[in-house]
Amino acid sequence: MDDGVTPELSSIDVPPTGIRIGSYDNAQHYGNGLFSEVFKATPVAGKPGIVELVALKVTTPDMMKAPHDSKRESRILTAVRSSHVVPLIDAFQQAGGRWVLVFPFMPCGLDGLLRTGKPTDTLRRSILRDVLTGLAHVHSLGIIHRDIKPSNILLASPHGPAYLSDFGIAWSPDDSASEAADQKILDVGTTCYRPPELLFGHQAYGTKLDMWATGCVAAQVICLNGRTLFDAGDLGSELALIKSIFETLGTPNLDVWPEAAGFSDWGKMNFTQYQAKRWQDILKGAEPLEVEIVSRLVVYESDQRLDADEALKHECLQLRSS
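None of these values were measured; they are calculated from a predicted model.

Caption draft 1: Seen up close, the overall build of the chain. Scanning the chain from N- to C-terminus turns up nine helices and nine strands. Relative to the compact-globule value of 20 Å for 322 residues, the chain shows a C-alpha radius of gyration of 20 Å, a close match. With respect to the three principal axes, the spread of C-alpha positions in the chain is 65 × 50 × 40 Å. For the chain, the proportion of contacts with a sequence separation of at least 24, taken over those separated by at least 6, is 64%.

Given below as structure tokens:
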């Protein structure tokens with residue numbers, strides 16, 4: 001499906017730091033993940049002055065808590081190499097049990113772009129097409145990303161293209177370090193991007209888990225800017241998230257959400273009965289086709305959600321003549 005093209009590495013002036021990580025020089029601390037530190041650096045063989053810039057994700061696998069696994073991440077990234085998944089350039093062991101993953105340095109994240117304001121129509125469509133193209137390839141291999149959110153969508157420039165990143169908790173049917181298919185870990189995803197099946201104990205979830213999160217991201221890209229579609233509260237609690245989902249989409253019953261009958265935590269609590277809001281009111285100011293694609297992704301019954309290939313064909317994302 002995808003051509004596996006590696007984007008050009010960023011070229012930028014990098015001041016010398018004297019810090020080397022593996023065969024990469026001038027390492028500068030760039031950020032922290034839950035179980036990682038990220039540095040930007042230059043290859044030792046790079047030209048002085050204008051150089052190729054990389055991102056080094058430094059992890060300690062023995063200190064990671066499941067489902068986080070940086071060595072599995074390396075294997076999955078090798079398997080999913082494609083045009084809209086950030087490419088793994090290198091991975092190597094360092095002293096102290098550290099495992100380092102090397103990527104092209106991407107200067108922009110979708111989260112930062114959304115904070116600066118609403119992207120143009122063309123850029124919105126381009127970003128969503130890139131994300132869905134990457135997901136279609138990943139899902140064709142049976143792999144579930146499990147943490148789709150704006151900060152895990154990187155851009156080579158403020159104008160794109162966009163790439164899926166951070167496969168640290170991804171699940172693969174072909175990797176022995178992944179859980180059994182019907183006993184997947186529920187503590188995946190990030191707060192307000194988590195789909196309802198996780199919140200009610202469904203461990204046999206599939207790739208449609210990513211499509212709910214993609215719908216939440218699409219809503220932000222289309223008209224919500226920095227706001228999220230659902231709100232998990234200051235503490236990111238599951239009950240706050242359930243309340244927010246029910247207030248927005250309406251409190252479901254088994255007529256609306258029949259698969260919930262098989263969820264281990266369904267029916268254990270009584271919830272206030274909320275009426276569903278109209279999608280036009282949820283996504284005020286969005287075009288009808290934009291409202292439609294979000295409403296077909298953010299659906300209780302997972303089998304009714306568009307898959308990535310179907311979403312790519314939606315009229316909302318087709319190129320338009322100016």
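Caption draft 2: Geometry of the layout of surface pockets. A volume near 1000 Å³ is recorded for the largest pocket. In terms of lining, the largest pocket is formed by 38 residues, of which the most central are Gly33, Ser36, Lys57, Asn152 and Asp166. The set of elements that each furnish at least two residues to the lining of the largest pocket consists of β2 (24-33), β3 (36-43), β4 (50-59), β6 (98-104) and β7 (108-109). Class assignment for the residues of the lining of the largest pocket results in 18 nonpolar, twelve polar and eight charged. Of the volumes computed, that of the second largest pocket is approximately 190 Å³. Around the second largest pocket sit Leu224, Arg227, Thr228, Leu229, Phe230, Asp231, Ser244, Thr248, Lys277, Asp281 and Ile282, which together line it. Going through the elements one at a time, α6 (238-249) and α7 (279-282) are the ones with two or more residues in the lining of the second largest pocket. Of the residues assigned to the lining of the second largest pocket, the class counts are four nonpolar, three polar and four charged.

Caption draft 3: Layout of the side chain of His314. Relative to the assigned elements, His314 resides in the segment after α9 (308-312). You can call His314 buried: its relative accessible area is 7%. Ignoring any residue separated from it by four or fewer positions in sequence, one finds His314 in contact with Leu289, Glu292, Ile293 and Arg296.

Caption draft 4: View of the packing of helix α3 (residues 121-140) against helix α5 (residues 208-224). Relative orientation of the contacting elements α3 and α5 amounts to 170°, with a least axis distance of 10 Å. Between α3 and α5, the angle is such that the two are roughly antiparallel. Only Asp210, Met211, Thr214, Ala218, Val221 and Ile222 of α5 make contact with α3, whose side of the interface consists of Arg124, Leu128, Leu132, Leu135 and His139. Classifying every residue of the contact of α3 with α5 gives seven nonpolar, two polar and two charged.

Caption draft 5: Up close: the environment of Leu224. Mapping Leu224 onto the fold places it in helix α5. Judged by relative accessible area, which is 5%, Leu224 ranks as buried. It is 27 Å that separates the C-alpha atoms of Leu224 and Ile169, two residues lying 55 residues apart in sequence. Apart from the residues within four sequence positions on either side, Leu224 is in contact with Ala219, Leu229, Ile282 and Leu283.

Caption draft 6: Molecular detail of the packing of aromatic side chains. Within the structure shown, the criterion is met by twelve aromatic pairs. Between Phe246 and Tyr300, the aromatic rings sit 6.3 Å apart at their centres with planes inclined by 70°, giving edge-to-face as the arrangement. Here Tyr300 lies in the loop between α8 (288-295) and α9 and Phe246 lies in helix α6, a separation of 54 residues in the sequence. Both residues of the pair, Phe246 and Tyr300, count as buried. An aromatic cluster is defined as three or more aromatic residues linked by ring pairs; in this entry it consists of Phe200, Phe246, Trp257, Phe263, Trp266, Phe271 and Tyr300. The ring of Tyr205 carries the charged tip of Lys184 above its face, separated from the ring centre by 5.2 Å.

Scoring rules and cut-offs
Per chain, the residues get numbers from 1 upward, laid out in the order the sequence is written. Whole-chain, interface and lining totals are the exception, using all residues; otherwise, since this is a predicted model, local features are given only for residues with pLDDT of at least 70 and side-chain atom pairs are given and counted only at 80 or more. The basis for every side-chain value is the complete set of non-hydrogen atoms in the structure, without hydrogens or water. The helix count covers DSSP runs of H or I at least four residues long, the strand count covers runs of E at least two residues long, and both are numbered beginning at the N terminus. For the radius of gyration, the atom set is restricted to C-alpha positions; the globular benchmark scales as 2.2 Å times the number of residues to the power 0.38. What makes two residues a contact is simply this: any of their non-hydrogen atoms within 4.5 Å. Buried and open spaces are told apart on a 1 Å grid over the protein atoms alone, a cavity being a set of points where a 1.4 Å probe fits but cannot get out and a pocket being an open set with protein on both sides within 12 Å along at least five of seven lines. Residues with an atom within 4 Å of a point are the lining residues. Grid points are joined across faces, edges and corners, and a volume is the space filled by probe spheres set on the points. Any residue outside Ala, Val, Leu, Ile, Met, Phe, Trp, Tyr, Cys, Pro, Asp, Glu, Lys and Arg is labelled polar, Gly included; the first ten of those are nonpolar and the last four are charged. For every residue, the accessible area obtained with a 1.4 Å probe (protein chains only) is divided by the maximum for its type, and the residue is called buried under 20%, exposed over 50%, and partly exposed between those limits. Angular values range over 0 to 180 degrees, each being the angle between N-to-C directions of two axes fitted as lines to C-alpha atoms, with helices fitted over their stretch in contact. By definition in this entry, angles of less than 35 degrees are roughly parallel, angles greater than 145 are roughly antiparallel, angles of 65 to 115 are roughly perpendicular, and the rest are oblique. Pairing of aromatic rings covers Phe, Tyr and Trp, the last through its six-membered ring, and needs centres within 6.5 Å; plane angles under 30 degrees mean stacked, over 60 mean edge-to-face, and all others mean tilted. For a Lys NZ or an Arg CZ to count as sitting over a ring, it must be within 6 Å of the ring centre and within 35 degrees of the ring normal.

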